[in-house]
Amino acid sequence: MAEENLRFAVIGAGNIGHVHAQAIAAIPGARLTVVGSTNPARGQALATANDALWIPDYLEAAVHPDADVVCICTPTGAHAEQAVAAAEAGKHLVIEKPLDVTLERVDQILAAARAAGVKTTCIFPYRCMAGSQEAKKAVEAGRLGRLTMADARVKWYRTQEYYDMGGWRGTWELDGGGALMNQSIHAIDLMQWLAGPVNSVFGRVNTLAHRMETEDTGAAVLMLDSGGMATIQGATSCWPGLPAMVALHGDRGTIVLHEGRIVTWKLSDAAPGEEEAMLNLEGSQGSGAGDPTGIGFELHRRQLADMVQAIQEDHLPMIDGAEGRASIEIILAVYESARTGLEIQLVDR
């Protein structure tokens, strides 16, 4: 496929749909051609701004012949129907986290993509940060020694108006959960990518600061396959909101990341000047700690540009769709543990 002919559809014209549109516009050889939105004002505005076609029906937009790649930016519980339809129409898939609200629906998406021979990526921008990539190299090289502890900490804040808007946020059917499934999943994914796999989960959740179906506060203890331990703290009840943190500790080193940016790099074998270089790798790319519109589009641009390259060169994208399953399994295990009071063993890995 010629680079200039790679056409994108964005399904959903809310905040994250606009982020995808900005990212696509910044990628040579990518072009937004279709916008699917049931909201006429938002859909028409986004389409007009990008010289694209607005279609008021999500499924019609997902299978439109003028798109090669479909970015699914709708409420999570609607992803499977749209993704399966797009895959069966031969479209490559870019799916916002989480892939969907249950493992069964996630597996439907992945199976449809495999059967159609299309590529799938799940959006996890933290992995695209230079700091996250350097942390991964250090872990794989054994520079932290034996991993003993890891943490994913997301102490964010959302207003009641945030949950009241749209009627789907914080619901089981369309959001799949609350602070853990929607907001904390980025840090949970990064932690499990760096320190996992995860063997078992014991968790608790509560709703402390909002009127909503699901949780705004959760915590869990995880056992890692390596024998180490990990913790999760995820909330939208912590005003004013702090940067999401992932920490890795071993018997030879510690690395701490704030939303993918290195803030601590202490390795016993570090060369002179290495710590300073790592601390200055990259600045902040925006944060959703207190405002969901606070993120920029640069990390989405990196991941979508990687997807463009994967399609053109016919190889897997940096974050294959199947990788989006692991964090969902962990979060669903936290919910099951909270419901039953039991430690949950993870078997579908």
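Residues numbered from 1 in each chain as written. Predicted model: local features only at pLDDT ≥ 70, side-chain atom pairs only at ≥ 80, totals over all residues. Heavy atoms only, no water.

**Remarks on the overall build of the chain**
Along the chain, the regular secondary structure elements total 11 helices and 14 strands. What you see for the chain is a C-alpha radius of gyration of 20 Å, in line with the 20 Å of a compact globule of 349 residues. When the accessible surface of the chain is summed, it comes to about 14200 Å², and 53% of that surface belongs to carbon and sulfur atoms. Charge-centre separation for the chain: the mean point of 27 positive side chains lies 4 Å from the mean point of 43 negative side chains. (Helix = DSSP H or I, 4+ residues; strand = E, 2+ residues; numbered from the N terminus. Rg over C-alpha atoms; globule rule 2.2 N^0.38 Å. Areas by Shrake-Rupley, 256 points an atom, 1.4 Å probe, with all protein chains shown as cover. Lys, Arg positive; Asp, Glu negative; His and termini not counted. Charge placed at Lys NZ, Arg CZ, Asp CG, Glu CD.)

**Observations regarding helix H11 (residues 324-340)**
Helix length check: H11 (17 residues) gives 25 Å between terminal C-alpha atoms against 24 Å at 1.5 Å per residue, within 8%. Three or more residues of H11 are buried, namely Gly324, Arg325, Ser327, Ile328, Glu329, Ile330, Ile331, Ala333, Val334, Tyr335 and Ser337. Of the residues trailing H11, Gly341 is marked for its positive phi of about 80 degrees. (Expected span 1.5 Å × (residues − 1). Buried < 20%, exposed > 50% of the residue type's maximum accessible area, 1.4 Å probe, protein only.)

**Quick look at the environment of Ile95**
Turning to its location among the elements, Ile95 is positioned in strand E5 (residues 92-95). Aside from chain neighbours lying at most four places away, what touches Ile95 is Ile72, His79, Ala83, Ile109, Thr120, Thr121, Cys122 and Ile123. (Contact = heavy atoms within 4.5 Å.)

**A word on a nonpolar patch on the surface**
Residues Met149, Phe202, Val221, Met223 and Met229 make up a contiguous nonpolar surface patch of roughly 380 Å² in combined accessible area. Note that Phe202 resides in strand E8 (residues 198-206). (Patch = residues over 30% accessible without salt bridge, like charges linked within 9 Å, V, L, I, M, F, W, Y side chains within 5 Å. Salt bridge = Lys/Arg side-chain N within 4 Å of Asp/Glu carboxyl O.)

**A short note on the packing of helix H8 (residues 179-195) against H11**
Where H8 contacts H11, the axes come no closer than 9 Å and their chain directions differ by 120 degrees. By the angle class used here, H8 and H11 are oblique. Read as a crossing pair, H8 and H11 show a hand that is right-handed. Where H8 abuts H11, its residues Leu180, Met181, Ile185, Ile188, Asp189 and Gln192 lie against Ala326, Ser327, Ile328, Ile330, Ile331, Leu332, Val334 and Tyr335. (Axes fitted to C-alpha atoms, helices over the stretch in contact; angles between N-to-C directions. Parallel < 35°, antiparallel > 145°, perpendicular 65-115°, else oblique. Left-handed = near helix turned anticlockwise from the far one by under 90°.)

**Details of the environment of Gly341**
You can see Gly341 is positioned in the loop between H11 and strand E14 (344-345). Along the primary structure Gly341 and Phe202 are separated by 139 residues, whereas in three dimensions their C-alpha atoms are 7.9 Å apart.

**Topic: the sheet that holds strand E1 (residues 6-11)**
Across the sheet, 6 strands lie side by side as E3-E2-E1-E4-E5-E6; this open sheet has parallel pairing. The open sheet is flanked by strand E3 (53-55) and strand E6 (120-122), the only strands paired with a single partner. Direction aside, the axes of adjacent strands within the sheet are offset by 20 degrees on average. In terms of strand pairing, strand E2 (residues 30-36) meets E3 through 3 bridges, oriented parallel. Bridge pairing in E3 places Val35 opposite Trp54. Across the sheet, helix H10 (residues 298-313) is in contact with E1, E2, strand E4 (69-72), E5 and E6; its angle to E5 comes to roughly 165 degrees. (Pairing = 2+ DSSP bridges.)

**Quick look at the nonpolar core**
Ranked by size, the top nonpolar core spans 72 residues in total, and within it Val201, Leu222, Ile232 and Leu248 carry the most contacts. Top contributing element to this core by residue count: H8, with 10 residues. When residues no more than four places from it in sequence are discounted, the contact partners of Ile232 are Ala152, Leu180, Ile188, Met191, Gly218, Ala219, Ala220, Leu222 and Ile330. (Core = buried A, V, L, I, M, F, W, Y, C linked by side-chain atoms within 4.5 Å.)

**Examining the pattern of salt bridges**
Considering all chains together, one arrives at 18 salt bridges under this definition. Of the charged contacts in the structure, one is a salt bridge between Arg301 and Glu298, with a shortest N-O distance of 2.9 Å. One end of the pair is Arg301 and the other is Glu298, both in helix H10 and 3 residues apart, which spans about a single turn. For Arg301, a relative accessible area of 25% corresponds to the partly exposed category. Several salt bridges converge on common partners, so that one network encompasses Glu282, Glu298, Arg301 and Arg302.

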